Amino acid sequence: MDRKHRALIFDLDGTLWDTREPVIRIWNDVFEEEGYGRPLTFPLLTSLMGKPMNAFGEAIFPDLEDDLRNRLVRQAEQQENTRLLETGKDCLYPDTADTLRKLSCDHWIGIASNCQEGYIETFLEVSKLGDVVDSFISNGETGLDKDENLRILMERNRLHFALYIGDTSGDRLSARKAGIPFIWCRYGFGNEVTPDGIDDLSQLPYVLTE
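Worth saying up front: this structure is predicted, and the values here are computed from it rather than measured.

(A) Here's a closer look at the nonpolar core. Core analysis: the largest hydrophobic core is formed by 47 residues, its most contacted members being Phe-10, Trp-17, Trp-27 and Phe-123. Top element by residues in this core is helix 1 (residues 20–33). It accounts for six residues. With sequence-adjacent residues up to four places away left out, Phe-10 is seen in contact with Thr-15, Leu-16, Leu-100, Leu-103, Ile-109, Gly-110, Ile-111, Ala-112, Tyr-164, Ile-165, Leu-201 and Leu-204. In this structure, Ile-9, Ala-178, Phe-182 and Val-193 belong to the second largest nonpolar core, which totals 17 residues.

In structure tokens form, the structure reads like this:
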């Protein structure tokens, strides 16, 4: 099997890095400046990880009108993309860079995330993995659910087979809907997603050879 067909697609948050602490600060700074206090908490953000971005605004500001809520979230997303360029390197899981570089020697590497547009680009900048990741797609780019984005990413790159690597039950369901196998990252945000999985990303190359 040649490299083009040995495709690995990764989720981002909870799989390749964990930005929750800086994101809470960044978003609450924006909300506070706009007069809405600091409503985003660690448990609330954790419960939202992996969901499409419109779910964030609905959960944080359930009583606001859509236009205002969406404006606040867009401002927070923009600040997040910018400020993570300075602090995001500390959010990488220890084995992310080395493992993806190792895997890229004989695998096609992609990312599919429910994040806003520009967030994956920020990850690639701070991780210095822009030369490793072959292609990516986000909910912010397409407005579509993750299973649809997985299919689009494969179609764009003429991939006949891929594995999806993620950390939540939503990731597992998206892979199943897209018709591709799933590998669970137990160290991420999901609990008891499948009977087994990997405890850190460095185990992935060994799992793939089994």
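(B) Expanded view of the environment of Lys-146. Here Lys-146 lies in helix 8 (residues 146–156). As a C-alpha pair, Lys-146 and Glu-65 span 81 residues in sequence and 26 Å in three-dimensional space. For Lys-146, the contacting residues outside a window of four places in its chain are Asp-11, Ala-112, Ser-113, Asn-114, Tyr-164, Asp-171 and Ser-174. Engagement of the side chain of Lys-146 in a polar contact is seen with the side chain of Tyr-164, the distance being 3.1 Å.

(C) Examining the pairing of strand 2 (residues 108–113) more closely. Judged by how many residues are buried, strand 2 sits mostly within the fold: six of six residues are covered. Taking every second residue as pointing to the same face, both faces of strand 2 are buried, with Trp-108, Gly-110 and Ala-112 on one and Ile-109, Ile-111 and Ser-113 on the other. Direction of pairing for strand 1 (residues 7–10) relative to strand 2: parallel, over a ladder of four bridges. Paired with Phe-10 across the bridge in strand 2 is Ile-111. Taken together, the four bridges between strand 2 and strand 3 (residues 135–138) define a ladder with parallel strand orientation. When the sheet's bridge partners are listed, Ala-112 is paired in strand 3 with Ile-137. Crossover connection from strand 2 via helix 6 (residues 119–127) to parallel strand 3: handedness right-handed.

(D) A look at helix 4 (residues 66–87). With 22 residues, helix 4 should reach 32 Å at 1.5 Å per residue; the first-to-last C-alpha distance of 30 Å fits that figure. Largest kink in helix 4: about 25°, centred on Asn-81. Looking only at helix 4, the buried set comprises Arg-69, Leu-72, Val-73, Ala-76, Glu-77, Glu-80, Asn-81 and Leu-84. As for helix 4, its buried residues are in contact with helix 1, helix 3 (54–60) and helix 6.

(E) Inspection of the sheet that holds strand 2 at higher detail. Pairing is parallel across the open sheet formed by five strands, whose spatial order is 3-2-1-4-5. Lying at the two open borders of the sheet, with one neighbouring strand each, are strand 3 and strand 5 (182–184). Strand after strand, the sheet turns through a mean of 20° between neighbouring axes, direction not considered. Where strand 4 (residues 162–166) lies against strand 5, three bridges are found, and the strand directions are parallel. Looking at strand 5, one finds that Ile-165 is bridged to Ile-183.

(F) Quick look at the pairing of strand 4. Most of strand 4 is tucked away, with five of its five residues classed as buried. Neither face of strand 4 is open: one carries Ala-162, Tyr-164 and Gly-166, the other Leu-163 and Ile-165, and all of them are buried. Both strand 1 and strand 4 contribute to a ladder of four bridges, which runs parallel. Across the sheet, Phe-10 pairs through a bridge with Ile-165, a residue of strand 4. Tracing the backbone out of strand 4, into helix 9 (residues 169–178) and back to the parallel element strand 5 gives a crossover that is right-handed.

(G) View of unusual backbone geometry. Here Arg-158, not a glycine, exhibits a phi torsion of approximately 55°, which is positive. When you line up the elements, Arg-158 lands in the loop between helix 8 and strand 4. With a relative accessible area of 65%, Arg-158 lands in the exposed category. The phi angle at Glu-192 is positive, at roughly 50°, despite the residue not being glycine. Structurally, Glu-192 can be placed in the loop between strand 5 and helix 10 (204–209).

What counts and what doesn't
- Residues numbered from 1 in each chain as written.
- Predicted model: local features only at pLDDT ≥ 70, side-chain atom pairs only at ≥ 80, totals over all residues.
- Heavy atoms only, no water.
- Core = buried A, V, L, I, M, F, W, Y, C linked by side-chain atoms within 4.5 Å.
- Buried < 20%, exposed > 50% of the residue type's maximum accessible area, 1.4 Å probe, protein only.
- Helix = DSSP H or I, 4+ residues; strand = E, 2+ residues; numbered from the N terminus.
- Contact = heavy atoms within 4.5 Å.
- Polar contact = N/O pair within 3.5 Å; in protein donor to acceptor, adjacent residues only side chain to side chain.
- Pairing = 2+ DSSP bridges.
- Right-handed = clockwise from strand over helix to strand, strands pointing away.
- Expected span 1.5 Å × (residues − 1).
- Bend = angle between axes of the 7 residues up to and from the residue.
- Axes fitted to C-alpha atoms, helices over the stretch in contact; angles between N-to-C directions.

Honestly, that's just the spatial picture; any functional story needs more than this.
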